[in-house]
Amino acid sequence: MTDAGPGTVLDGKYRLLHPLGQGGMGVVWAAEHEALGRRVAVKLLRREFAEDQGNLRRFAQEASAAIRIGSPHIVTILDFGSAPGGAPYLAMELLSGETLGAALHDRPPMALPRAIDIVGQILAGLGAAHACGIVHRDIKPENVFLTRFGERPDFVKLLDFGLSRVLSGETATRLTRTGAMLGTPTYMSPEQVMGSRDLDQRADIWSVAVVLYLALTRRRPFEGPTVADRLAAIVAAKPPPLLAYRPDLDPRLEKILHRALARDPAQRIASAEGF
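Cut-offs used in this document
Residues numbered from 1 in each chain as written. Predicted model: local features only at pLDDT ≥ 70, side-chain atom pairs only at ≥ 80, totals over all residues. Heavy atoms only, no water. Helix = DSSP H or I, 4+ residues; strand = E, 2+ residues; numbered from the N terminus. Buried < 20%, exposed > 50% of the residue type's maximum accessible area, 1.4 Å probe, protein only. Contact = heavy atoms within 4.5 Å. Salt bridge = Lys/Arg side-chain N within 4 Å of Asp/Glu carboxyl O. Phe/Tyr/Trp six-rings, centres within 6.5 Å; stacked < 30°, edge-to-face > 60°. Core = buried A, V, L, I, M, F, W, Y, C linked by side-chain atoms within 4.5 Å. Pairing = 2+ DSSP bridges. Axes fitted to C-alpha atoms, helices over the stretch in contact; angles between N-to-C directions. Parallel < 35°, antiparallel > 145°, perpendicular 65-115°, else oblique. Left-handed = near helix turned anticlockwise from the far one by under 90°. Nonpolar A, V, L, I, M, F, W, Y, C, P; charged D, E, K, R; others polar. Expected span 1.5 Å × (residues − 1).

Caption draft 1: Summary view of the overall build of the protein chain. On a plain count of helices and strands, the protein chain comes out with nine helices and eleven strands. In the protein chain, which comprises 275 residues, the share counted as buried stands at 49%. Taking contacts inside the protein chain between residues at least 6 apart in sequence as the whole, the part at least 24 apart equals 60%.

Structure representation (structure tokens):
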């Protein structure tokens, strides 16, 4: 955990209420703006990670990337600051609903219309990010949040741009070195697995295709008993045919997934809009 706990007030503004979840580098809290009475989510970096300048740059990049994109399918960043002790935090809109990971857990394969609707929104958010020169690099069900927007269910918000990479402009960044592998193994593109430094939007296209395959079949397209086996499969194996698990689906969808999962990025669907 971090040094902060329930009741801690950040920057004289945000009172932490209770943890919502935690990952390897930080904790997300439900919090309340002291003056406005507004509930928000606060992502607080663990102090031990805050001592590393690379982690601090990635954390700041998450805020700037989400703000620059400005898509309704990207979680809204409201504020950025430091907690007592110096650990940085992000204040974000507090979402109600569940992640796509939770929606898929211990449930049957998703109906095609729902899966296509969700993936279409993921691609809309990524298309906006890519137009800003930003590649997410960690698309997975846990970073896709399903909330309600008015009467519309399953409204997608993309989370966690902490591994994103800005590809162009004055703020272009290269926060990883050649050979560094960042992301979540199951959803990594082959070029991510190989530690390529020259990732572009096609890495996100691969990850979305893996998410769609998983949603429709409840199986990963690249399996293995260990992480190393799964990474080796991503680099060298072919995914089982989609129709082997879902014979009710249109064969044209399998062809689209095959293109989105092309091992060579030059043969892959090139854009979110094209997908």
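After that view of the structure, there is still more to cover.
Caption draft 2: Inspection of the pattern of salt bridges at higher detail. For the structure on display, the rule yields 14 salt bridges. Residue Glu32 is joined to Arg39 by a salt bridge in which the shortest nitrogen-to-oxygen separation is 3.3 Å. For Glu32, a relative accessible area of 25% puts it in the partly exposed group. Here Asp154 ties to Arg114 by a salt bridge, and the two come within 2.7 Å at their closest N and O atoms. Here Arg114 lies in helix 4 (residues 112-131) and Asp154 lies in strand 10 (residues 152-158), a separation of 40 residues in the sequence.

Caption draft 3: Examining the packing of aromatic side chains more closely. Under the defined criterion, the tally for this structure stands at three aromatic pairs. Taken together, a centroid distance of 4.9 Å and an interplanar angle of 25° make the contact between Phe149 and Phe155 stacked. With relative accessibility at 8%, the residue Phe155 sits in the buried group. Taken together, a centroid distance of 5.3 Å and an interplanar angle of 15° make the contact between Trp206 and Phe222 stacked. Residue Trp206 is found in helix 6 (residues 201-217), and its partner Phe222 is found in the loop between helix 6 and helix 7 (227-236); the two are separated by 16 residues along the sequence.

Caption draft 4: Up close: the nonpolar core. In terms of nonpolar packing, the biggest core is built from 59 residues, with Leu100, Ile122, Leu158, Phe161, Val208 and Phe275 touching the most fellow members. In terms of residue count, helix 6 provides more of this core than any other element does, eleven residues in total. Setting aside its immediate chain neighbours within four residues, Phe275 contacts Leu123, Ile205, Val208, Ala209, Ile256, Ala260 and Ile269. Ranked by size, the runner-up nonpolar core spans 14 residues in total, among them Leu16, Val27, Val42 and Ala87.

Caption draft 5: Spotlight on the environment of Ile139. Looking at the secondary structure, you find Ile139 in the loop between strand 8 (134-135) and strand 9 (144-149). Taking the C-alpha atoms as reference points, Ile139 and Tyr187, 48 residues apart in sequence, are found 7.0 Å from one another. In contact with Ile139, not counting residues within four places along its chain, are Leu126, Leu158, Tyr187, Asp204, Ser207, Val208 and Val211.

Caption draft 6: Local environment of the pairing of strand 5 (residues 77-82). When strand 5 meets strand 6 (residues 88-93), the two strands line up antiparallel, connected through five bridges. What sits directly across from Asp79, in strand 6, is Ala91. Linking strand 5 to strand 6, which pair antiparallel, is a turn of five residues; within it Gly85 sits at a positive phi near 100°.

Caption draft 7: A look at the packing of helix 4 against helix 6. Interaxial distance between helix 4 and helix 6 falls to 10 Å at its minimum, and their mutual angle equals 165°. By the angle between their axes, helix 4 is roughly antiparallel relative to helix 6. The element helix 4 and its partner helix 6 pack so that their crossing is right-handed. Here Leu112, Ala115, Ile116, Val119, Ile122, Leu123, Leu126 and His130 of helix 4 come into contact with helix 6, specifically with Gln201, Asp204, Ile205, Val208, Leu212 and Leu216. Classifying every residue of the contact of helix 4 with helix 6 by side-chain character gives eleven nonpolar, two polar and one charged.

Caption draft 8: Representation of helix 2 (residues 53-69) in the model. With 17 residues, helix 2 should reach 24 Å at 1.5 Å per residue; the first-to-last C-alpha distance of 24 Å fits that figure. When helix 2 is considered as a whole, its buried residues turn out to be Gly54, Asn55, Arg58, Phe59, Gln61, Glu62, Ala63, Ala65, Ala66 and Ile69. Immediately beyond the C-terminal end of helix 2, within one or two residues, lies Gly70, with a positive phi of roughly 65°.

Caption draft 9: Local environment of the environment of Leu123. Relative to the helices and strands, Leu123 resides in helix 4. For the pair formed by Leu123 and Ile205, sequence separation is 82 residues and the distance between their alpha carbons is 8.2 Å.

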